[in-house]
Amino acid sequence: MIELQEISDTTLELLPKIGLGSVILFSFILASWLIKKIITKKVKPKTKNPLLAEFIGKVVAFLIAIIGFVLFLHVIGLGAVAKNIMAGAGITTFIIGFAFKDIGENFLSGILMAFKSPFKVGDLIETSGTIGYVLELNLRESILKTLDGKDVFIPNSQIIKSPLFNYTIDGYLRYEITIGLDYNVDFKKVTDIIKRNLSAIPEVLTGDKKPMIVVDELATSTVSMRVLYWIDTFTLKSKAYHLQIKSQIIINLVEDFNKNGIYLPADIIEIKNYSNQTIQTNKN
């Protein structure tokens, strides 16, 4: 009975301290959340990389929360425990880091990308065979919106380790169209038709990024001609609109070729009759 009474008295004595400590801990957690939002909001407009703003906000919030937890332990009379926790933080960090290697790797990759990211929100990138627009940058993963509307969550460590293609980092993207022409065609006439049609599309760039028309290959049935043109991705954000421009160019070229008597030949198939037998054909 005496022991139960002592435990009860001790509990009653600790209740005010636990209550005060809980208020302090809750206040620090709330303050860390508010400060994180304020820092992120203030830093984001000043940096091109939103991940850096998020990283700074999370680090400051984490430090404030840790301070609040240590004060909580001191208030409820567990100051020695707080000292032991701080003293053992290095060993604990090593053990946790080893146990959660992949998570830690993604987190560290996120920190590296926060200070020097090869892309920003809205860029069209390709990594590990996935092509899409960057929707969000987090400390653990990056979220891409693929061209067919899927949301893909890619770990940051995978992005750091794999080759990455950024198609819109400088604002320009080149497309090409391959045309198979007959060997007897008037190539100067074809080139003039292509130039005329490209100049009629306002989204196709001129000047230093003007279109280029080159004969690429002498194939079995056709002469392959490549049409190379550039568009401004800062103005034309949508990949679907890029494809619409390409589709419109192809339609215009086919219609113009037909009007000028330039036809695109089909594949030529050579049939060899080694047995000298009569080959019968169906005549309709």
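Okay, so let's go over this structure. Predicted, not measured: the structure shown is a model, and the values here were computed from it.

### Some thoughts on the overall build of the protein
Then comes step 1: Assigned secondary structure in the protein consists of eight helices and eight strands.
Then comes step 2: For the protein, with 284 residues in total, the buried portion stands at 31%.
Then comes step 3: Pairs at least 24 residues apart make up 63% of the contacts formed inside the protein by residues separated by at least 6 positions.
Then comes step 4: Here the protein has roughly 19000 Å² of accessible surface; of this, 63% comes from carbon and sulfur atoms.

### Points about the pattern of salt bridges
Then comes step 1: Inspection of the entire model under this criterion finds nine salt bridges.
Then comes step 2: D256 is the partner of R196 in a salt bridge, and the nearest nitrogen-oxygen pair spans 2.9 Å. Linking R196 in helix α7 (residues 187-199) with D256 in helix α8 (residues 239-259), this pair joins segments that are 60 residues apart in sequence.
Then comes step 3: The partly exposed category is assigned to R196, whose relative accessible area is 43%.
Then comes step 4: Through salt bridges with shared partners, a single network forms among R174, E176, D216 and R226.

### Here's the deal with the packing of aromatic side chains
Then comes step 1: Overall, the coordinates contain one aromatic pair when judged by the stated rule.
Then comes step 2: Judged by centre distance (6.1 Å) and plane angle (20°), the rings of Y175 and Y229 are stacked. In this pair, Y175 sits in strand β6 (residues 172-181) while Y229 sits in strand β8 (residues 223-232), placing the two residues 54 residues apart along the sequence.
Then comes step 3: When its relative accessible area of 1% is taken as the criterion, Y229 is described as buried.
Then comes step 4: If you follow K209 out to its NZ or CZ, it ends over the ring of Y172, 5.1 Å from the centre.
Then comes step 5: Of note, K209 hangs over the ring of W230, and the distance from its end group to the ring centre comes to 4.1 Å.

### Some words on the sheet that holds strand β1 (residues 124-127)
Then comes step 1: Reading across from one edge, β4-β3-β2-β1-β5 is the order of the five strands in this open sheet, with antiparallel pairing throughout. Strands with a single pairing partner mark the edges of an open sheet, and in this sheet they are β4 (151-155) and β5 (164-166). Strand-to-strand twist of the sheet, defined as the mean angle between neighbouring strand axes without regard to direction, takes the value 40°.
Then comes step 2: Two elements, strand β3 (residues 141-146) and β4, share five bridges in a ladder whose sense is antiparallel. Within β4, the residue paired with E141 across the bridge is P155.

### With respect to the environment of I64
Then comes step 1: Mapped onto the fold, I64 is located in helix α2 (residues 50-75).
Then comes step 2: Classification of I64 as buried rests on a relative accessible area of 16%.
Then comes step 3: Sequence separation between I64 and W33 is 31 residues; the distance between their C-alpha atoms is 9.3 Å.

### Observations concerning the nonpolar core
Then comes step 1: Core analysis: the largest hydrophobic core is formed by 21 residues, its most contacted members being I179, V190, I194, Y229, I249 and F257.
Then comes step 2: Within the residue set of this core, elements represented by two or more residues are β6, α7, β8 and α8.
Then comes step 3: Here the element with the most residues in this core is β6; it accounts for five residues.
Then comes step 4: Residues I125, L137, I154 and I159 belong to the second largest nonpolar core, which totals eight residues.

### Thoughts on the pairing of β3
Then comes step 1: Within β3, five of the six residues are buried, leaving the element largely enclosed by the surrounding structure.
Then comes step 2: In the sheet, strand β2 (residues 130-137) pairs with β3 via five bridges, with the strands oriented antiparallel. Within β3, the position partnered with Y133 by the bridge is K145.
Then comes step 3: Adjacent in sequence and paired antiparallel, β3 and β4 are bridged by four residues, among which G149 carries a positive phi angle near 90°.

Rules of the game
- Residues numbered from 1 in each chain as written.
- Predicted model: local features only at pLDDT ≥ 70, side-chain atom pairs only at ≥ 80, totals over all residues.
- Heavy atoms only, no water.
- Helix = DSSP H or I, 4+ residues; strand = E, 2+ residues; numbered from the N terminus.
- Buried < 20%, exposed > 50% of the residue type's maximum accessible area, 1.4 Å probe, protein only.
- Contact = heavy atoms within 4.5 Å.
- Areas by Shrake-Rupley, 256 points an atom, 1.4 Å probe, with all protein chains shown as cover.
- Salt bridge = Lys/Arg side-chain N within 4 Å of Asp/Glu carboxyl O.
- Phe/Tyr/Trp six-rings, centres within 6.5 Å; stacked < 30°, edge-to-face > 60°.
- Lys NZ or Arg CZ within 6 Å of the ring centre and 35° of its normal.
- Pairing = 2+ DSSP bridges.
- Axes fitted to C-alpha atoms, helices over the stretch in contact; angles between N-to-C directions.
- Core = buried A, V, L, I, M, F, W, Y, C linked by side-chain atoms within 4.5 Å.

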